[in-house]
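One letter stands for each residue in the lines below.
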Amino acid sequence: SQQGEEDPQALSIQEGENATMNCSYKTSINNLQWYRQNSGRGLVHLILIRSNEREKHSGRLRVTLDTSKKSSSLLITASRAADTASYFCATDAFGSGNTGKLIFGQGTTLQVKP
Amino acid sequence: DTEVTQTPKHLVMGMTNKKSLKCEQHMGHRAMYWYKQKAKKPPELMFVYSYEKLSINESVPSRFSPECPNSSLLNLHLHALQPEDSALYLCASSQETSGSYDEQFFGPGTRLTVL
């Protein structure tokens, strides 16, 4: 079942600019996670935010979570060409009974032009 | 060691072949996962193993058969696959503590082509 919707589907920016990606979900969650995937490779975990947290930072990444709106955003500041990748949000749905099951959003493809 | 390894990197097989995908982690994680990912789509969960027992099967066809021989290894046995099964197969692992799961670590994937 599809849990997460991401917006925009594709984003193209210049190096040094900020990139913002949004994720919406449908059910209550334990946590929401963001992953990056370079073309045709495995996913890399970026950040996990729990349902009782509102904002989290990690280096150039800032994630917010609004459980009342069932939405999250990922901000990448001062982007670099190496940030070019697909970005996925994933929810560990509360109703899954803590099974570890993640449901991924459709992803945002980010291109950072040098 | 924070790496999940997968072999082979690429696999081409006919519809009558039997093959296996392998996944290994040495992070002491007790939860391991198989995902299937088609081009330009998100990963889709197939199976979850928790403490070497199958805990989730997402209604995957029986031509895919998972196996967890020990806490570090995860296999996916393939038999009589269809061309539409061609995809990137990703393995992941995560720590599990008292029913709470941490972030997942992914392997680089096996690119499977079924002819």
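Treat the numbers as computed from the prediction; the structure is a model and nothing was measured.

(A) Summary view of the interface of chain B and chain A. At the interface, 21 residues of chain B touch 20 residues of chain A. Inspection of the region where chain B meets chain A yields 1 salt bridge. The shortest N-O distance in the salt bridge between Glu58(B) and Lys101(A) comes to 3.0 Å. Counting every contact that joins chain B to chain A gives 3 residue pairs in polar contact (both at pLDDT 80 or more). Elements with a minimum of two residues in the side of chain B that touches chain A: strand E4 (31–37), strand E5 (44–50) and strand E9 (87–94) of chain B.

(B) Summary view of the sheet that holds strand E7 (residues 61–66) of chain A. Residue and element names in this part refer to chain A. Pairing is antiparallel in the open sheet, where 5 strands are placed in the order E1-E3-E8-E7-E6. Two strands close off the open sheet at either side, each with one partner strand: strand E1 (5–7) and strand E6 (55–58). Here the strands of the sheet are splayed against their neighbours by 15° on average, with no regard to which way each runs. Across 4 bridges, E6 lies against E7 in antiparallel orientation. What sits directly across from serine 58, in E7, is leucine 61.

(C) Representation of unusual backbone geometry. Here Asp7(A) and Pro8(A) are connected by a cis peptide whose omega angle stands at 0°. Residue position: Pro8(A) is located in the loop between E1 and strand E2 (10–14). Note the cis peptide between Thr7(B) and Pro8(B), where omega equals -10°. Of note, Pro8(B) is situated in the loop between strand E1 (4–7) and strand E2 (10–13). Phi is positive for Lys40(B), which is not a glycine, with a value near 60°. Tracing the backbone shows Lys40(B) in the loop between E4 and E5. What makes Lys40(B) exposed here is its relative accessible area of 84%. Positive phi outside glycine occurs at Tyr51(B), with the angle close to 50°. Note on placement: Tyr51(B) falls in the loop between E5 and strand E6 (53–57).

(D) Quick look at the nonpolar core. If you look at the biggest cluster of nonpolar residues, it comprises 23 residues, and the most contacted ones within it are Trp34(B), Phe64(B), Leu76(B) and Leu78(B). Listed by contribution, the elements that provide at least two residues to this core are E2, strand E3 (18–25), E4, E5, strand E7 (64–70), strand E8 (73–79), E9 and strand E13 (110–114) of chain B. Not counting residues up to four positions away in its chain, the partners in contact with Phe64(B) are Met46(B), Phe47(B), Leu76(B), His77(B), Leu78(B), Leu81(B), Asp85(B) and Tyr89(B). One finds Ala19(A), Leu46(A), Leu61(A) and Val112(A) within the second-largest nonpolar core, a separate group that totals 21 residues.

(E) Inspection of the packing of aromatic side chains at higher detail. By the definition in use, this model includes 8 aromatic pairs over all chains. The interplanar angle of 55° and the centroid separation of 5.7 Å between the aromatic rings of Tyr35(A) and Phe104(A) together place this pair among those described as tilted. In this pair, Tyr35(A) sits in strand E4 (residues 29–37) while Phe104(A) sits in strand E10 (residues 103–104), placing the two residues 69 residues apart along the sequence. Overall, Tyr35(A) belongs to the buried group, its relative accessible area being 0%. The exposure class assigned to Phe104(A) is buried, which follows from its relative accessible area of 4%. Here Tyr35(B) and Phe106(B) contribute two aromatic rings whose centre-to-centre distance is 5.4 Å and whose plane-to-plane angle is 40°, an arrangement assigned as tilted. Of this pair, Tyr35(B) sits in strand E4 while Phe106(B) sits in strand E12 (residues 105–106), placing them 71 residues apart in sequence. Phe106(B) gets classed as buried once you look at its relative accessible area, which sits at 10%. One aromatic cluster is present, built from ring pairs that chain together Tyr35(A), Phe88(A), Phe104(A), Tyr33(B), Tyr35(B) and Phe106(B).

(F) Examining the side chain of Gln6(B) more closely. All names here are of chain B. Structurally, glutamine 6 is set in strand E1. Overall, glutamine 6 belongs to the buried group, its relative accessible area being 5%. A polar atom in the side chain of glutamine 6 sits 3.0 Å from the backbone oxygen of tyrosine 89. Of the polar contacts made by the side chain of glutamine 6, one reaches the backbone nitrogen of glycine 109; its length is 2.9 Å. Beyond its immediate stretch of four places on either side in the chain, glutamine 6 contacts Lys22, Cys23, Trp34, Tyr89, Leu90, Cys91, Gly107, Pro108, Gly109 and Thr110.

What counts and what doesn't
- Residues numbered from 1 in each chain as written.
- Chains lettered and ligands numbered in written order.
- Predicted model: local features only at pLDDT ≥ 70, side-chain atom pairs only at ≥ 80, totals over all residues.
- Heavy atoms only, no water.
- Contact = heavy atoms within 4.5 Å.
- Salt bridge = Lys/Arg side-chain N within 4 Å of Asp/Glu carboxyl O.
- Polar contact = N/O pair within 3.5 Å; in protein donor to acceptor, adjacent residues only side chain to side chain.
- Helix = DSSP H or I, 4+ residues; strand = E, 2+ residues; numbered from the N terminus.
- Pairing = 2+ DSSP bridges.
- Axes fitted to C-alpha atoms, helices over the stretch in contact; angles between N-to-C directions.
- Buried < 20%, exposed > 50% of the residue type's maximum accessible area, 1.4 Å probe, protein only.
- Core = buried A, V, L, I, M, F, W, Y, C linked by side-chain atoms within 4.5 Å.
- Phe/Tyr/Trp six-rings, centres within 6.5 Å; stacked < 30°, edge-to-face > 60°.

The quantities given are spatial measurements derived from coordinates; they are silent on function.
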